[in-house]
Structure formats: structure tokens, C-alpha cells
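# Survey of secondary and tertiary structure
What follows is each chain in one-letter form.
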Amino acid sequence: MIAEKIAKIAESQIGVRETSKNGGAPIAVYQKATWLPVGPWPWCAAFVCYVIQKAMIGGEWTFKRPETAGAWDLENWCKSVDNSAKLKKPATSVKRGDVVIYKFSHVGIAVSDLDENGLVKVVEGNTNSDGAREGDGVYLKHRSISKIRSVIRFTV
């Protein structure tokens, strides 16, 4: 399944940092996974698009990958990929490899299942140590299910 590959690639990016506000060479790589030109714009969704793009390399997955720069727009992408992924809205569970979309217009990749305390470990781009939706890099965060708007779960 692609979910495990997505989680591993996301984890490999922890520690990447901007070299300028919403910019720098590694951020440009993430942004190139979207339809927008590289520039000083929020890149949390670009990070997710990049991770999925990398996970699809060498696999048997043929769905159209996301290319959006909008966190909530990933829900629309999910609805367009037939049986390759399912949108869970509202989010009642989270599994490793899910795309996690927050109520505060931010997105990341789950790298753990939801625990018994209602928390999940998520790798997020364009956040910071405080968990802001505008930050300076890729971080591992612990988020509450109460902050999650929806999840995208891959079925391939």
C-alpha cells in the first residue's frame, strides 16, 4: 500500500527549513509539485503534494496525484480520484499514511495511528515548533483529533 511509503517519505523530510520567508531551495522543490509557480507563498499543501509525488515513483499506482497549493482543496482532489483514496469527513479515525486536513486551513501526513488519548503524530510542512500554520520548516507535531477537519485515506 502507498500509505506506508507516504509516511516514510514524510518522516525523511523532518528538519528541512526555509532559508527565506516561504522560500529556499528545498521549499522550491515542494512547490514545484503544484500547479503554482515557485514563490513566497504558504507551502503546507505543496509539501503533501511532493510527498505523494515521490511515493508514486516506481509504484503501480496510476491515480492522478494532487497538484494543489490549497489545504482544503485536497478534499476536492480526493473526490476526483475514484477508488484510490477516500475522504473521511468528519475525521473519526486517523491511520499512518493518511493526509490530515485541519480546521485551520493547514495539512500534513499522519505518521502514527490515532492513539487512545485522541492524539496523532503528523509531519507538516510550513509549520514551526509551536505548530503554527505559517512556519519555517518541516516538523513532527502531535495533534488532537478535535483540530482535524478531514482525512484522506489511500485505498491502493
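As a reminder, the structure under discussion sits directly above these lines.
Conventions and cut-offs
Residues numbered from 1 in each chain as written. Predicted model: local features only at pLDDT ≥ 70, side-chain atom pairs only at ≥ 80, totals over all residues. Heavy atoms only, no water. Core = buried A, V, L, I, M, F, W, Y, C linked by side-chain atoms within 4.5 Å. Buried < 20%, exposed > 50% of the residue type's maximum accessible area, 1.4 Å probe, protein only. Helix = DSSP H or I, 4+ residues; strand = E, 2+ residues; numbered from the N terminus. Contact = heavy atoms within 4.5 Å. Axes fitted to C-alpha atoms, helices over the stretch in contact; angles between N-to-C directions. Parallel < 35°, antiparallel > 145°, perpendicular 65-115°, else oblique. Left-handed = near helix turned anticlockwise from the far one by under 90°. Nonpolar A, V, L, I, M, F, W, Y, C, P; charged D, E, K, R; others polar. Pairing = 2+ DSSP bridges. Salt bridge = Lys/Arg side-chain N within 4 Å of Asp/Glu carboxyl O.

### Some points on the nonpolar core
Counting residues in hydrophobic clusters, the biggest one holds 38 residues, and the most contacted among them are Tyr30, Phe47, Val99, Val107 and Phe154. Elements with a contribution of two residues or more to this core: helix H1 (2–12), helix H2 (25–31), helix H3 (44–56), helix H4 (73–79), strand S2 (99–102), strand S3 (107–110) and strand S6 (148–154). Among the elements that line this core, the one with the most residues is H3, at 11 residues. Once residues within four sequence positions are removed from consideration, Val107 is found in contact with Cys44, Ala45, Val48, Ala71, Leu74, Val99, Val100, Ile101, Tyr102 and Glu124.

### Thoughts on the packing of H1 against H3
At their nearest, the axes of H1 and H3 sit 9 Å apart, and the two run at 125° to each other. It follows from the interaxial angle that H1 and H3 lie oblique. Read as a crossing pair, H1 and H3 show a hand that is right-handed. Side by side, H1 and H3 meet where Ile2, Lys5, Ile6, Ile9 and Ala10 of the first sit next to Phe47, Val51, Ile52, Lys54, Ala55 and Met56 of the second. Of the residues assigned to the contact of H1 with H3, the class counts are 9 nonpolar, no polar and 2 charged.

### Describing the pairing of S2
Alternating residues of S2 divide into Val99 and Ile101 and Val100 and Tyr102, and every residue in both groups is buried. As defined by bridge partners, S2 adjoins S3 across 3 bridges and the pair is classed as antiparallel. Within S3, the residue paired with Val100 across the bridge is Gly108. In this structure, the hairpin formed by S2 and S3 is closed by a connection of 4 residues, where Ser105 is found at a positive phi of approximately 55°. The pairing of S2 with S6 spans 4 bridges and is classified as antiparallel. The residue of S6 that forms the bridge with Tyr102 is Ile148.

### Description of the pattern of salt bridges
Applying the stated criterion across every chain, the model contains 8 salt bridges. Close ionic contact of Arg149 with Glu75 constitutes a salt bridge, the shortest N to O distance being 2.8 Å. Of this pair, Arg149 sits in strand S6 while Glu75 is found in helix H4, placing the two residues 74 residues apart along the sequence. On the basis of relative accessibility, which here comes to 22%, the residue Arg149 falls in the partly exposed class. The salt bridge partner of Asp98 is Arg153, with a shortest N-O separation of 2.8 Å.

### Thoughts on the pairing of strand S4 (residues 119–127)
When you tally the buried positions in S4, you get 7 out of 9 residues, the bulk of the element. Bridge count between S3 and S4: 2 bridges; the pairing is antiparallel. Paired with Ile109 across the strands is Val123, a residue of S4. Where S4 meets strand S5 (residues 137–144), 7 bridges bridge the pair, whose relative direction is antiparallel. Of the residues in S5, the one forming a bridge with Val120 is Arg143.

### A look at unusual backbone geometry
Lys89 connects to Pro90 through a cis peptide bond whose omega is 5°. Tracing the chain through its elements places Pro90 in the loop between strand S1 (85–88) and S2. Located in the positive-phi region is Asn22, a residue other than glycine, with phi close to 55°. Here Asn22 lies in the loop between H1 and H2. Even without glycine at this site, Asn126 takes up a positive phi of about 60°. Topologically, Asn126 is positioned in strand S4. Overall, Asn126 belongs to the buried group, its relative accessible area being 0%.

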